[in-house]
Amino acid sequence: MKVPAGSTFLRNTKYEIPLAVIIVIALSLFLSVNVFAQGPAPTDDEVNKVAKKLYCPVCENTPLDVCPTEACRQWREQIREMLSEGKTEDEIIDYFAVTYGERSTGDPRDKLKAYLIPVVAILLGAALLVSALRMWKKPIVTESASPKTEAKQVHQDEYIAKMEEELKKRK
Amino acid sequence: MTETTPARRGVALWIQVVIWAFLVSLLAIVAMGLSRRQQGTVQPGEVIDNFPLTFYSGYEFGGKSEINFEELRGKVVVINFWASWCKPCEQEAADLQEAWLEYEPTGEVIFLGVDYVDTETGARIYLKKFGITYANGPDLATRISQYFRIAGVPETYFVDKDGVLRYVQIGPFSSIDQIRAQIDPLLK
């Protein structure tokens, strides 16, 4: 069969509809290929690997991977969607921290602020207290010079002196 | 006559102080957490501070995708916290929308939907399902809900024209009359 050349072929109404159909099919195939190019859908294990690092927004201290609430189911779907878009684990966790707050990640983003500052504050406070206590601390002085004990001491001194004299005489 | 008693030997003083400081800090943190929990929501009579609110596209406020709350001074503002995963929220969704349609023409009342820890996909399905048209946006990083100290969803806050909180509805409204009963006195 001889195919008419160039513009004559396109102007021919007999070929317009089949040509349009071919173009639509070709385009849809091309677009489908683009969708599949993102890779296979993430498995539940892949989703749960990320979900394990996040926490339920409704129940306290319940990791996202084991929480049965509707809110957590939606969040897991969100993770699945982001994984299929090619987002990394860190990117997903960052997104959750920004969107739902650091409480959802169970791990503060600004670790310096969250861990170091309280420790430094406690140590500084302790150092201040130690120095203050040292300044206030005085040696414990026991007063033992009551008149009775003084008299006893004088008596003992005389006795020791007599004993020493006696010993000298015997020598 | 005087005599000095030597200092007792044991754990060094600085170690003791560090331990005590740590324990006191720990107790202070626990006490703060408990008092915050018992404090409840922001109370009627308090002036609501300024906060930014971002909107979902298609649910902007006056064509703006972000506003500051203080821009709404002079209007009665109804702030509704909700989520698409929240079943009780569904009970009041239609009433809120109906009330919005009733007050929107007056230009004196603003309805704001604050979507609490929700996915945008879920939120859009919910908004579409109940035909909600008033401004709605996510509670980014839960800053707004933390400010209002909400205990859950749904919760609705009625703020008067001077920015003073007048009423807090914990849980869903059972009828549109309940909503009207809170807005109408604020319009007088």
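(A) Structural context of the overall build of chain A. In terms of regular secondary structure, chain A is built from seven helices and one strand. Across chain A, helices and strands are ordered from the amino to the carboxyl terminus as α-α-α-α-α-α-β-α. Within chain A, the fraction of its 171 residues that count as buried is 13%. Considering only contacts within chain A whose residues lie at least 6 apart along the sequence, 40% involve residues at least 24 apart.

(B) Helix H2 (residues 87–103) of chain B, seen in detail. Residue and element names in this part refer to chain B. For H2, built from 17 residues, the straight-helix expectation of 24 Å at 1.5 Å per residue is met to within 8% by its first-to-last C-alpha distance of 26 Å. Of all the bends in H2, the largest measures some 35 degrees and sits at Ala-93. Every buried residue of H2 is accounted for by Cys-89, Glu-92, Ala-93, Leu-96, Ala-99, Trp-100 and Tyr-103. Contacts made by the buried residues of H2 are with strand E4 (76–82), strand E5 (109–115) and helix H5 (176–187).

(C) Layout of the environment of Asp-177 of chain B. Along the chain, the position of Asp-177 of chain B falls in helix H5. By C-beta crowding, Asp-177 of chain B is classed as exposed, having 10 other C-beta atoms within 10 Å.

(D) Expanded view of the confidence of the model for chain B. The predicted model of chain B averages 92 in pLDDT, with 95% of residues at 70 or higher. Across the predicted assembly, pTM comes out at 0.69 and ipTM at 0.78.

(E) Expanded view of the nonpolar core. Membership of the largest hydrophobic core comes to 62 residues, with the highest contact counts inside it found for Leu-64 of chain A together with Val-77, Val-78, Ala-83, Phe-111, Leu-112 and Ile-183 of chain B. Apart from residues no more than four positions distant in its own chain, Leu-64 of chain A is found in contact with Ala-51, Leu-54, Tyr-55, Cys-56, Cys-72, Trp-75 and Arg-76 of chain A.

(F) Region of interest: unusual backbone geometry. Residues and elements named next belong to chain B. The residue after Val-153, namely Pro-154, is reached through a cis peptide bond having omega 0 degrees. With respect to the element layout, Pro-154 can be found in the loop between helix H4 (143–148) and strand E7 (155–159). Its identity is not glycine, yet Ala-141 carries a phi of approximately 55 degrees, on the positive side. Relative to the helices and strands, Ala-141 resides in the loop between strand E6 (135–138) and H4. Its 16 C-beta neighbours within 10 Å are what place Ala-141 among the partly exposed residues. Phi at Thr-142 is positive, roughly 55 degrees, even though this residue is not glycine. If you trace the backbone, Thr-142 turns up in the loop between E6 and H4. On the neighbour-count criterion, Thr-142 (20 C-beta atoms within 10 Å) is buried.

(G) Region of interest: the pairing of strand E8 (residues 165–170) of chain B. Residues and elements named next belong to chain B. Note that E7 and E8 share five bridges and pair antiparallel. Residue pairing for E8: Val-159 is matched across the bridge by Leu-165. If you look at the hairpin formed by E7 and E8, you'll find five residues sitting between the two strands, and Gly-163 has a positive phi there, around 85 degrees.

Rules used throughout
Residues numbered from 1 in each chain as written. Chains lettered and ligands numbered in written order. Predicted model: local features only at pLDDT ≥ 70, side-chain atom pairs only at ≥ 80, totals over all residues. Helix = DSSP H or I, 4+ residues; strand = E, 2+ residues; numbered from the N terminus. Buried ≥ 20, exposed ≤ 12 C-beta atoms within 10 Å, placed from the backbone. Contact = placed C-beta atoms within 7 Å. Expected span 1.5 Å × (residues − 1). Bend = angle between axes of the 7 residues up to and from the residue. pLDDT = per-residue confidence, 0-100. Core = buried A, V, L, I, M, F, W, Y, C linked by C-beta atoms within 7 Å. Pairing = 2+ DSSP bridges.

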